[in-house]
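Reading the structure
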Amino acid sequence: MTQGVELSAEELAGVMSRAECLHDADAIEAALDRLGLAITASLSEHRPLVLGVMTGAIVPLGRLLTRLTFPLELDYIHATRYHKSTTGRELVWLARPQTPLRGRHVLIVDDILDEGHTFRGLLEACREEGAASVQTAVLADKPNAGRVPGLEADFVGLTVPERYVFGVGMDYKGYLRNVEGIYAAHRDDEDES
């Protein structure tokens, strides 16, 4: 989450015009369909608690929920290690789930798995709260050398390269989460982040 930068409509239009589309709308829909089927096969008998990781999960989670045609509960979790900057390691809690986790089968849904420090902190927190099981789903997986060793999502929609990506919940400096498709920012725009 990288917010706090004022960008004009013209600047954002420039970012979009230079960006490379990695996954278009059809690829997103297909990925969400695959995620829905895989999650249903794994969790449909468990009445899971689905936790959306704010703010990035809003778009992919909303679109995924209609593909999960079994009883579930929904809540959210909000933590960051960036806290209005582009780097950081310490987990800052903004909101913990209101639904008790003890004994529950939990599915954490997020927009992207990158280095995974925040993701690992969320997993650990759910386990510490007594969840019976914790599984994870991400729309995009960005494998990279900085990833927490051994950390992988249980359900992955698409893979993206190690670039600054945005769209379908992922932001460009706080903007463009609502873009249909996943885009990689032009190298010049990456340097400015």
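Please refer to the structure placed before this passage.
Residues numbered from 1 in each chain as written. Predicted model: local features only at pLDDT ≥ 70, side-chain atom pairs only at ≥ 80, totals over all residues. Heavy atoms only, no water.

Formed by 26 residues in total, the largest nonpolar core has its most connected members in Ile39, Leu64, Leu107, Val109, Val165 and Ile182. Taken together, the elements giving at least two residues each to this core come down to α2 (25–43), α3 (58–65), β5 (105–113), β6 (133–141), β7 (155–159) and β9 (182–184). Sort the elements by how many residues they give to this core and α2 lands first, with six residues. Once residues within four sequence positions are removed from consideration, Leu64 is found in contact with Leu32, Leu35, Gly36, Ile39 and Val109. (Core = buried A, V, L, I, M, F, W, Y, C linked by side-chain atoms within 4.5 Å. Buried < 20%, exposed > 50% of the residue type's maximum accessible area, 1.4 Å probe, protein only. Helix = DSSP H or I, 4+ residues; strand = E, 2+ residues; numbered from the N terminus. Contact = heavy atoms within 4.5 Å.)

Applying the stated rule across the entire model yields 14 salt bridges. The salt bridge involving Arg63 is made with Glu29; its shortest N-O contact spans 2.1 Å. Taken together, the residues span a long stretch of sequence, with Arg63 in helix α3 and Glu29 in helix α2 at a distance of 34 residues. Arg104 is the salt-bridge partner of Glu73, the closest N and O atoms lying 2.6 Å from each other. You can see Glu73 sitting in strand β3 (residues 73–80) and its partner Arg104 sitting in the loop between β4 (92–95) and β5, a full 31 residues away along the chain. (Salt bridge = Lys/Arg side-chain N within 4 Å of Asp/Glu carboxyl O.)

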